[in-house]
Amino acid sequence: MGRLFDFMLPENKSPLTADSTDWLFHFINEASLVIFLGVIFAMIYFAIRYRRKSEDDKTPLITHNNTLEITWSVIPLLLTFVVFGLGYSGWLNLKTVPNDAYEIQVTGFKWSWNINYENGAQTINEIHVPKGIPIKLVMTSSDVLHSFFVPEYRVKHDVLPNRYTYVWFQPEETGESQIFCTEYCGNSHSNMLAKVIVHEPEDFQTWLDENAGGPTGSPIEQGEQLVTLQGCQACHSVDGTEIIGPSFKGIWNRERKLADGNTIIVDENYIRESILYPGEKIAEGYQNVMSPYEGRINDEEITKIIEYLKTID
Ligand code: CUA
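Residues numbered from 1 in each chain as written. Predicted model: local features only at pLDDT ≥ 70, side-chain atom pairs only at ≥ 80, totals over all residues. Heavy atoms only, no water.

Caption draft 1: Molecular detail of the sheet that holds strand β3 (residues 122–124). Taken in spatial order, the five strands make up an open sheet running β3-β2-β1-β5-β8, and their pairing is mixed. The open sheet has two edge strands, β3 and β8 (165–169), and neither has a second partner. Averaged over all pairs of adjacent strands, the angle between strand axes in this sheet comes to 25°, irrespective of strand direction. (Pairing = 2+ DSSP bridges. Helix = DSSP H or I, 4+ residues; strand = E, 2+ residues; numbered from the N terminus. Axes fitted to C-alpha atoms, helices over the stretch in contact; angles between N-to-C directions.)

So this is what it looks like as structure tokens:
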């Protein structure tokens, strides 16, 4: 089973997408090792065999050797064809989503992943999937370029604003796999982490049913869930910790100094404006790095978030 360069690869948890990549990876490394050792040993052998043996040793004049030259050209040429052929067929496999794939919507934004399911369920930075069936992620970004990468599935694709891209995979065992953003997208790029959580099919269905329809409960409870789902906590703590943006703790109805020297009171209108157009009024001591939520959140949701923010003090 084990191959020489296995230590260089993470575990393979989606054989249908990962096997072709792994095979080619091993082939290139093993072929390189064989060629490397062949060159080294030939060099040592020739240095000993053909060394200058006496003062009047003369090097014979050899112009060329057709057989040898054709051999050392054709073999590497064939190797590059093999690498191209296998690489191309592996790429086609990654681009060809099985017809019965289960679709999940993924939206990248600074600096989290928002996940939407067919029945209205929503999660942030957690993609819940059943094992043993193909999963298709339809991906887009609501701000800048991101890139979706799951090393254990060997899938990676750019996630762009104003466009949809996709990846597919089929996890064969339950458990968790790490997701990375692999396109530099700003301050917290390296914290743009998420997980694929693989369930038994029955457990997945139960999870999906329990989370149908999105946030539930009183307006305050829904506001709290929205703050989580919208990824606000990547930059705003609720316990007073300073992260990238001001903490939500104790902001309601207090004075706030702005970067332009003015002072405002944190009320409904300020919060609404700061969600939809965060660049309008920057709090003193902070950067203008938040992406606008205009078009990503409606007034009803904003009202619930305000109700929740009032309760954090
Ligand atoms: Cu998103 Cu880097």
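So that's the structure; there's more coming.
Caption draft 2: The nonpolar core, seen in detail. With 32 residues, the main nonpolar core has Ile104, Trp113, Tyr117, Ile127, Leu137 and Phe148 as its most contacted residues. With residues near it in sequence (within four places) discarded, Phe148 still touches Trp113, Ile127, Leu137, Met139, Val155, Lys156, His157, Val159, Val167, Ile179 and Phe180. Formed by 23 residues, the second largest nonpolar core is a distinct cluster that contains Phe248, Ile251, Trp252 and Tyr308. (Core = buried A, V, L, I, M, F, W, Y, C linked by side-chain atoms within 4.5 Å. Buried < 20%, exposed > 50% of the residue type's maximum accessible area, 1.4 Å probe, protein only. Contact = heavy atoms within 4.5 Å.)

Caption draft 3: Expanded view of the sheet that holds strand β9 (residues 175–181). Taken together, the five strands give an open sheet; going across it, the order is β4-β10-β9-β6-β7, and neighbouring strands pair in mixed fashion. Each edge of the open sheet carries a strand with a single partner, namely β4 (126–130) and β7 (155–159). Strand-to-strand twist across the sheet, computed as the mean angle between neighbouring axes with direction ignored, equals 20°. One ladder, built from five bridges, connects β9 with strand β10 (residues 194–199); its direction is antiparallel. Across the sheet, Ile179 pairs through a bridge with Ala194, a residue of β10. Relative to the sheet, helix α3 (residues 201–210) contacts β4 and β10, its axis offset from that of β4 by approximately 130°.

Caption draft 4: Inspection of the packing of helix α1 (residues 15–49) against helix α2 (residues 66–95) at higher detail. As a packed pair, α1 and α2 sit with axes 8 Å apart at the nearest point and diverge in direction by 165°. Viewed along their axes, α1 and α2 adopt a mutual orientation that is roughly antiparallel. Read as a crossing pair, α1 and α2 show a hand that is left-handed. In contact with Leu16, Thr17, Ser20, Trp23, Leu24, Phe27, Ile28 and Ile35 of α1, α2 contributes Leu79, Val82, Val83, Leu86, Gly87, Gly90, Asn93 and Leu94. In the contact of α1 with α2, the residues fall into 11 nonpolar, five polar and no charged. (Parallel < 35°, antiparallel > 145°, perpendicular 65-115°, else oblique. Left-handed = near helix turned anticlockwise from the far one by under 90°. Nonpolar A, V, L, I, M, F, W, Y, C, P; charged D, E, K, R; others polar.)

Caption draft 5: Summary view of helix α4 (residues 219–229). Those residues of α4 not exposed but buried are Gln222, Gly223, Leu226, Val227 and Leu229. Each buried residue of α4 lies within a common arc of 165° when the element is viewed along its axis, so the set occupies one face. For α4, the secondary structure elements touched by its buried residues are β2 (112–116), β3 and α6 (299–310). Gly231 sits one or two residues past α4 and shows a positive phi near 80°. (Arc of directions from axis to C-beta.)

Caption draft 6: Molecular detail of the packing of aromatic side chains. Counted under the stated rule, the structure contains 12 aromatic pairs. Measuring from centroid to centroid gives 5.8 Å for Phe46 and Tyr50, while their planes differ by 50°, and the two rings are tilted. Ring centres of Phe204 and Trp207 lie 6.2 Å apart, and the angle between their planes is 25°; this geometry places the pair in the stacked category. Here Phe204 and its partner Trp207 are both found in helix α3, three residues apart, which amounts to about one turn of the helix. (Phe/Tyr/Trp six-rings, centres within 6.5 Å; stacked < 30°, edge-to-face > 60°.)

Caption draft 7: Representation of the environment of Phe248. Looking at the element boundaries, Phe248 is found in the loop between α4 and β11 (255–257). The exposure class assigned to Phe248 is buried, which follows from its relative accessible area of 11%. Taking the C-alpha atoms as reference points, Phe248 and Asp313, 65 residues apart in sequence, are found 8.2 Å from one another. Contacts of Phe248, omitting those with residues within four sequence positions, involve Val227, Cys232, His236, Ser237, Val238, Leu309 and Ile312.

Caption draft 8: A look at unusual backbone geometry. For the bond running from Lys110 to Trp111, omega is 0°, close enough to zero to count as cis. Its location among the elements puts Trp111 in the loop between β1 (102–109) and β2. If you check the backbone angles, Arg154 has positive phi at about 60° while not being a glycine. Counting through the fold element by element, Arg154 comes out in the loop between β6 (146–150) and β7. Relative accessible area serves as the criterion here: at 10%, Arg154 is assigned to the buried category. With a phi angle near 60°, Asn162 is a residue other than glycine that sits in the positive phi range. Looking at where Asn162 falls in the secondary structure, it is placed in the loop between β7 and β8.

Caption draft 9: Seen up close, α3. For α3, the set of buried residues is Phe204, Trp207 and Leu208. All buried residues of α3 project into a common sector of 100° when viewed along the axis, lining one side. Opposite the buried face of α3, by more than 90 degrees, sit the exposed residues Glu202 and Glu210. Where α3 is buried, its residues contact β1, β3, β4 and β10.

Geometry only, nothing functional implied.
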